[in-house]
Amino acid sequence: MLRVEALQIRRGAKTVLSDVTLDLVPGEVLGVLGPNGAGKSTLLGALCGELLPDQGKIWLDQQELKSLGGAQRAQRLAVLPQTSTLDFAFRVEEVVGMGRLPHQSGRVRDDEIICAALHAADVGHLSGRSYLALSGGERQRVHLARVLAQLWPGEAGQTLLLDEPTSMLDPLHQHTTLQAIRRFADRGAAVLVILHDLNLAARYCDRILLLESGRPHALDTPAKVLQPEPLKAVFGLDVLVQPHPERGHPLIIAR
């Protein structure tokens, strides 16, 4: 479990994130929403240990995050940044295999996990191809497979942090990607995912953290957070919210 208490991040004299307290529990997908500059990527940077809090604490399974060594942390916490750069002509399966570097599970087991992660991210058909020959969306899905492989098969005590994993994907692959993430959480991992699409968040997230100017505006279920009043207050967007006719989750329609 990932626990955050009274987190504050400053850049120079400016406070860019404050008053964030949350528990990310096993089996949960927590969506983080907010306008540009709301502090979403800053939050992810703090949760993965890239940014040190100016105030507050972060725990990973009862241990302070800052006390964990790199390999120890990487075995339990994986992060997919908004952009992942790789300028070498590795084969797709070699890129995914990078996720196994923190482990010593052996070549045979690693190959099994790489194959499983490729298929979980719906990129098994890309095996053998050069990473540099892929489209932007294909590369994004390969990197999803890499972080899935890092924590495979996903279980309680493991945490996956994702920064806009659907940003370069077509509508079909937006859903297949979030379905893969949802299945990963269902096996016991805790998942935090930054999204911009309100309807994708409504469908796939258990809870939603709505950030406004670096502070939490709401933290609750999609049915309670994705309502006209908070969405107007945070995004300045007038919306109509109705139950999805088949699934029942909120369906957000811009007026």
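Up top you'll find the structure we're talking about.
Quick look at the structure, then.

Cut-offs applied
Residues numbered from 1 in each chain as written. Predicted model: local features only at pLDDT ≥ 70, side-chain atom pairs only at ≥ 80, totals over all residues. Heavy atoms only, no water. Helix = DSSP H or I, 4+ residues; strand = E, 2+ residues; numbered from the N terminus. Rg over C-alpha atoms; globule rule 2.2 N^0.38 Å. Buried < 20%, exposed > 50% of the residue type's maximum accessible area, 1.4 Å probe, protein only. Contact = heavy atoms within 4.5 Å. Areas by Shrake-Rupley, 256 points an atom, 1.4 Å probe, with all protein chains shown as cover. Phe/Tyr/Trp six-rings, centres within 6.5 Å; stacked < 30°, edge-to-face > 60°. Lys NZ or Arg CZ within 6 Å of the ring centre and 35° of its normal. Salt bridge = Lys/Arg side-chain N within 4 Å of Asp/Glu carboxyl O. Expected span 1.5 Å × (residues − 1). Arc of directions from axis to C-beta.

Describing the overall build of the protein chain
Thought 1: Across its full length, the protein chain holds 9 helices and 12 strands.
Thought 2: For the protein chain, whose C-alpha radius of gyration is 18 Å, the value lies close to the compact-globule estimate of 18 Å for 255 residues.
Thought 3: Taken over the C-alpha atoms alone, the protein chain extends approximately 50 × 45 × 30 Å along its principal axes.
Thought 4: Put simply, the protein chain has 255 residues, and 50% of those count as buried.
Thought 5: Residue pairs at least 24 apart in sequence account for 65% of intrachain contacts in the protein chain once pairs closer than 6 positions are excluded.
Thought 6: As presented, the protein chain carries roughly 11,800 Å² of accessible surface, and 50% of it is formed by carbon and sulfur atoms.

Comments concerning the side chain of Asp110
Thought 1: Counting through the fold element by element, Asp110 comes out in helix H4 (residues 107–120).
Thought 2: Setting aside residues up to four positions removed in sequence, Asp110 forms contacts with Arg100 and Ser105.

Digging into the packing of aromatic side chains
Thought 1: Applying the stated criterion across every chain yields a total of 2 aromatic pairs.
Thought 2: Taking 5.9 Å as the distance between ring centres and 50 degrees as the angle between the ring planes, the aromatic pair formed by Phe88 and Phe90 counts as tilted.
Thought 3: Note on Trp152 and Phe184: the rings are 6.2 Å apart at their centroids and 40 degrees apart in plane angle, and the pair reads as tilted. On the criterion of sequence distance, the pair formed by Trp152 in the loop between helix H5 (136–151) and strand S7 (159–163) and Phe184 in helix H6 (residues 171–186) is long-range, its members being 32 residues apart.
Thought 4: Classification of Trp152 as buried rests on a relative accessible area of 18%.
Thought 5: Owing to a relative accessible area of 1%, Phe184 belongs among the buried residues under this scheme.
Thought 6: Stacked on the ring of Tyr131, the Lys or Arg Arg139 has its end atom at 4.9 Å from the ring centre.
Thought 7: Above the plane of the ring of Trp152 lies Arg187, whose end atom (NZ or CZ) is 4.7 Å from the centre.

Quick notes on the pattern of salt bridges
Thought 1: In the structure shown here, the tally under the stated rule is 14 salt bridges.
Thought 2: Here Glu28 ties to Arg207 by a salt bridge, and the two come within 2.4 Å at their closest N and O atoms. Taken together, the positions of Glu28 in the loop between strand S2 (14–24) and strand S3 (29–33) and Arg207 in strand S9 (residues 207–212) put the pair 179 residues apart, joining distant regions of the chain.
Thought 3: Glu28 sits in the buried class, given a relative accessible area of 6%.
Thought 4: For Arg207, a relative accessible area of 21% gives the class partly exposed.
Thought 5: Salt bridges linked by common partners bring Arg3, Glu5 and Asp23 together as one network.

A word on the side chain of Thr42
Thought 1: Relative to the elements of secondary structure, Thr42 occurs in helix H1 (residues 40–47).
Thought 2: The residues contacting Thr42, other than those within four sequence positions of it, are Ile9, Arg11, Val16, Leu17 and Leu51.

With respect to H4
Thought 1: The first and last C-alpha atoms of H4 sit 20 Å apart over 14 residues, in line with the 20 Å expected at 1.5 Å per residue.
Thought 2: For H4, the complete set of buried residues consists of Asp110, Ile113, Ile114, Ala117 and Leu118. The arc enclosing the buried residues of H4, seen along the axis, measures out at 135 degrees, which places them on a common side. With respect to the buried face of H4, the exposed residues turned more than 90 degrees away are Val108 and His119.
Thought 3: Residues of H4 that are buried make contact with helix H3 (92–97) and H5.
Thought 4: In the stretch just after H4, Asp122 is the one whose phi turns positive, near 60 degrees.

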